[in-house]
There are 2 protein chains.
Amino acid sequence: MRLQPLHHIPTAEDIRATHLAIASMIHRTPVFTCRSIDAMAGASLFFKCENFQKVGAFKMRGASSAALRLTEAELANGLATHSSGNHAQAVALSAKLLGVPAYIVMPDVSPAIKVAATEGYGARITFCSNNQQARENTLEKVVSETGATFIHPYNDYNVIAGQATAAKELIEDTEGLDAIIAPIGGGGLMSGTALSSRYFAPGIKVYGAEPKEVDDAYRSFKSGRIEHNATINTIADGLRTNLGEKTFGIISREVDDILTVSEESIIAAMRLVWERMKIVIEPSCAAPVAAVLSYPEVFAGLRVGVILTGGNVDLEKLPFCQ
Amino acid sequence: MRLQPLHHIPTAEDIRATHLAIASMIHRTPVFTCRSIDAMAGASLFFKCENFQKVGAFKMRGASSAALRLTEAELANGLATHSSGNHAQAVALSAKLLGVPAYIVMPDVSPAIKVAATEGYGARITFCSNNQQARENTLEKVVSETGATFIHPYNDYNVIAGQATAAKELIEDTEGLDAIIAPIGGGGLMSGTALSSRYFAPGIKVYGAEPKEVDDAYRSFKSGRIEHNATINTIADGLRTNLGEKTFGIISREVDDILTVSEESIIAAMRLVWERMKIVIEPSCAAPVAAVLSYPEVFAGLRVGVILTGGNVDLEKLPFCQ
């Protein structure tokens, strides 16, 4: 099923249509609970397990949503993107499922598992230096050489409409949520989560979680303009990017608050989920778990939906392993 | 619901009654699939996720089954056992749920996470040297001092009837299995798996998986008498024990074959499940996954049930982490 490209903030109907269209390209992931973590948090937590999503992360939702909005002619030339990992895999798998080529620009510091997985989906990878400018320049070159369409990792309403389907499912599958929390990197998931919450569960609180070390979204939220990170010293490799103007626009209006968490609390939360829930999650989605545990004054007594964004971790480099 | 103690090999009716009785003390765990591991195995695998079981392992089934067969007077004095880990936690939690004390004898080399978890359930722990004789002597002392009832980790029909419920659920929740495979340590799970397969899915093949380094069950199966391990050099800490006469009796009659696997294949299989399925499993249940991948001539083209026995791993000591 093809969709029309979005040039506006996705409406409830846009998100519903997107969900129907991408259904065959994604998994409807389960919602897990954990009594011992609930006891520690003093809250009832409902974990949306996007680590079980295709490519191991929610990014498959946004990439497939964007791909299904291209014309036949555009699609034939393939999909392209720059990404530190999960979005790359999602674009690669979307292209594979649709039978077209994928061209991926990746920073040369990307985790080995993410590079291998992206290659495994048949994508052609071009490495670049680990900064925004190098990514953009390299991508531009790839796009001009191939005619492929660039799928932005987050600052694209077509992508946001796809990411919104994770919170839509969580809301549909969980009774009486009081709040929902997601991590903020570029803000695509956060934007989609906020929109779905407003449309499908009006009245619930919407929070973002962000590492203190890369608190650009927190500062942007407070200052009212897009702020940037001077350094990217966080283990949460998916959260190092800055907001875009589209995601900032949605987040500044629709999110109730952004909570920042320390690196130590992220690592501890990641380990806690592995130990108690027996599931593999990546550091980026340990940030909201850390936030729920670090801010009991916000969450105690509530029913809180927590989006676990992905499970792509380099198992040879774990922060708690000796 | 209380049950009568079993002094015979559990019948189909015994296992059904056990399943009903323990239902409130266990989780009905999900069955997961993984397309990429299927592709590697050339088979359709159905993973019974006992890593999501209470205490993180199938042992909760057998311990609760045995506890529910004690009289009020026996129960009041508490439960006791010796165990390298998961069975200890299961006895401790069963005692806690039934409101009676638990006394656990553990080898002093037990993984820290398992000791902490057992203490967390309120059990009183007595450490001993890491050999069978020390365990048994220390346990005998604890039992004579407290009057608690010893729950054997595996060589007990009451325990076997409980472990059998894992395969019963897997068979109920999966269409048309051709084969089922479980790891063999003391043989409690293997015995229960074989019985449930014969009763509830007659005609399917039943396999055991065992590390080459502790292949006592394999040798016992071939020789027709209980063999012992000279050394226990395997990462699969749950599979180091020898068979008992009850488990050997069932396994020698009801199991089709026992397949041995190398340490390297166990570690690779464990890592594969973590990476591709995003779930935490312990080395003991990586053995059947390794067997399915190591013996394509046995499993190719089949629908195979694989019991993932547990997820209690010391995250600070992972074989693939640098």
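Throughout, residues of each chain are indexed from 1 in the direction in which the sequence is written. Lettering for chains starts from A, numbering for ligands starts from 1, and both go in the order in which the items are written. Totals for whole chains, interfaces and linings use every residue, but because this is a predicted model, local features are given only for residues with pLDDT of at least 70 and side-chain atom pairs only at 80 or more, for both listing and counting. Values reported for side chains reflect all heavy atoms of the structure, with hydrogen atoms and water molecules removed beforehand.

### Points about the side chain of E282 of chain B
Residues and elements named next belong to chain B.
Phase 1 of the analysis: The numbering of helices and of strands both runs from the N terminus, where a helix is a DSSP run of H or I of at least 4 residues and a strand a run of E of at least 2. Within the secondary structure, E282 sits in the loop between α12 (263-277) and α13 (283-294).
Phase 2 of the analysis: Whether a residue is buried, partly exposed or exposed follows from its accessible area with a 1.4 Å probe, protein chains only, as a fraction of its type maximum: under 20%, in between, or over 50%, in that order. E282 sits in the buried class, given a relative accessible area of 3%.
Phase 3 of the analysis: If near-sequence neighbours (up to four positions away) are discounted, E282 is found in contact with N86, K114, M270, T309, G310, G311, N312 and V313. The contact criterion used throughout is that any non-hydrogen atoms of two residues lie within 4.5 Å.

### Let's talk about the domain arrangement of chain A
Residue and element names in this part refer to chain A.
Phase 1 of the analysis: Residue ranges for the domains originate in an automatic or database domain assignment. With domains assigned, chain A is organised as domain 1 (12-57 + 156-308) and domain 2 (60-150).
Phase 2 of the analysis: On the domain 2 side, the residues contacting the 27 residues of domain 1 number 21 residues.
Phase 3 of the analysis: As used here, buried area is the combined drop in accessible area, with a 1.4 Å probe, of two parts when they are placed together. Both sides of the domain 1 and domain 2 interface together cover about 1800 Å² of buried area, and 56% of this is carbon and sulfur.
Phase 4 of the analysis: Salt bridge, as applied in this entry: a Lys or Arg side-chain nitrogen positioned within 4 Å of an Asp or Glu carboxyl oxygen. Inspection of the domain 1/domain 2 interface yields 2 salt bridges.
Phase 5 of the analysis: Pairing of N or O atoms within 3.5 Å defines a polar contact, subject to two protein rules: one partner must be a possible hydrogen donor and the other a possible acceptor, and residues neighboring in sequence count only if both atoms are side-chain atoms. Taken together, domain 1 and domain 2 are joined by 9 residue pairs in polar contact (both at pLDDT 80 or more).
Phase 6 of the analysis: Contributions of two or more residues to the side of domain 1 that touches domain 2 are made by α1 (12-22) and α8 (157-173).
Phase 7 of the analysis: Taken together, the residues that form the side of domain 1 that touches domain 2 break down as 10 nonpolar, 10 polar and 7 charged. Polar here means any residue other than Ala, Val, Leu, Ile, Met, Phe, Trp, Tyr, Cys and Pro, which are nonpolar, and Asp, Glu, Lys and Arg, which are charged; Gly is therefore polar.

### Remarks on the relation of the copies chain A and chain B
Phase 1 of the analysis: Mapping chain A onto chain B is achieved by rotating through 180° and translating by 0.0 Å along the same axis, at an RMSD of 0.0 Å. Here the symmetry operator amounts to a two-fold rotation axis. If distances are taken from each C-alpha of chain A to the rotation axis, the shortest is found for I279 of chain A, at 2.1 Å. Copy-to-copy superposition: least squares on the C-alpha atoms, limited to residues that have pLDDT of at least 70 in both copies.

### Structural notes on the pattern of salt bridges
Phase 1 of the analysis: Applying the stated criterion across every chain, the model contains 32 salt bridges over all chains.
Phase 2 of the analysis: In this structure, E169 of chain A engages R61 of chain A in a salt bridge whose closest nitrogen and oxygen atoms are separated by 2.9 Å. On the criterion of sequence distance, the pair formed by E169 of chain A in helix α8 and R61 of chain A in helix α3 (residues 59-67) is long-range, its members being 108 residues apart. Summarising the burial analysis for this pair, E169 of chain A and R61 of chain A share the class buried.
Phase 3 of the analysis: E13 of chain B serves as the salt-bridge partner of R16 of chain B, at 3.2 Å between the closest nitrogen and oxygen. Of this pair, R16 of chain B and E13 of chain B both sit in helix α1 (residues 12-22), separated by 3 residues, roughly a single helical turn.

### Comments concerning the sheet that holds strand β1 (residues 31-32) of chain B
Residue and element names in this part refer to chain B.
Phase 1 of the analysis: At least two bridges found by DSSP between two strands is the condition for calling them paired. Read from one edge of the open sheet, 6 strands run β1-β2-β10-β7-β8-β9, paired in mixed fashion. Each end of this open sheet is capped by a strand with a single partner; those strands are β1 and β9 (257-261).
Phase 2 of the analysis: Helix axes use the C-alpha atoms of the stretch in contact, all axes being lines fitted to C-alpha atoms, and the angles between their N-to-C directions lie in the range 0 to 180 degrees. Sheet strands touched by helix α9 (residues 188-200): β7 (179-183), β8 (205-211) and β10 (303-308). Its angle to β7, the strand with the most contacts, is close to 165°.

### Thoughts on the nonpolar core
Phase 1 of the analysis: Among the nonpolar cores identified, the biggest contains 88 residues, and W274 of chain A together with W274 of chain B are the most heavily contacted of them.
Phase 2 of the analysis: Excluding residues within four positions of it along the chain, W274 of chain B makes contact with W274, V280 and L315 of chain A together with I279, V280, I281, V313, L315, L318 and F320 of chain B. Nonpolar core, defined: a set of buried Ala, Val, Leu, Ile, Met, Phe, Trp, Tyr and Cys residues in which side-chain atoms within 4.5 Å join the residues together.

### As for the packing of helix α12 (residues 263-277) of chain A against helix α13 (residues 283-294) of chain A
Residue and element names in this part refer to chain A.
Phase 1 of the analysis: Two elements in contact, α12 and α13, have axes whose closest approach is 7 Å; the angle formed by their N-to-C orientations is 100°. Comparing their axes, α13 and α12 come out roughly perpendicular. On α13, the residues that touch S265, I266, A269, M270, L272 and V273 of α12 are P283, A286, A287, V289, A290, L293 and S294. Should an angle fall under 35 degrees it is called roughly parallel, over 145 degrees roughly antiparallel, and 65 to 115 degrees roughly perpendicular, with every other angle called oblique.

### Here's the deal with the side chain of T241 of chain A
Residue and element names in this part refer to chain A.
Phase 1 of the analysis: Topologically, T241 is positioned in the loop between α10 (216-223) and α11 (245-254).
Phase 2 of the analysis: Assessed through its relative accessible area of 18%, T241 is described here as buried.
Phase 3 of the analysis: From its side chain, T241 meets the backbone nitrogen of G186 in a polar contact 3.3 Å long.
Phase 4 of the analysis: In contact with T241, not counting residues within four places along its chain, are Q132, Y154, G185, G186, D216 and N229.

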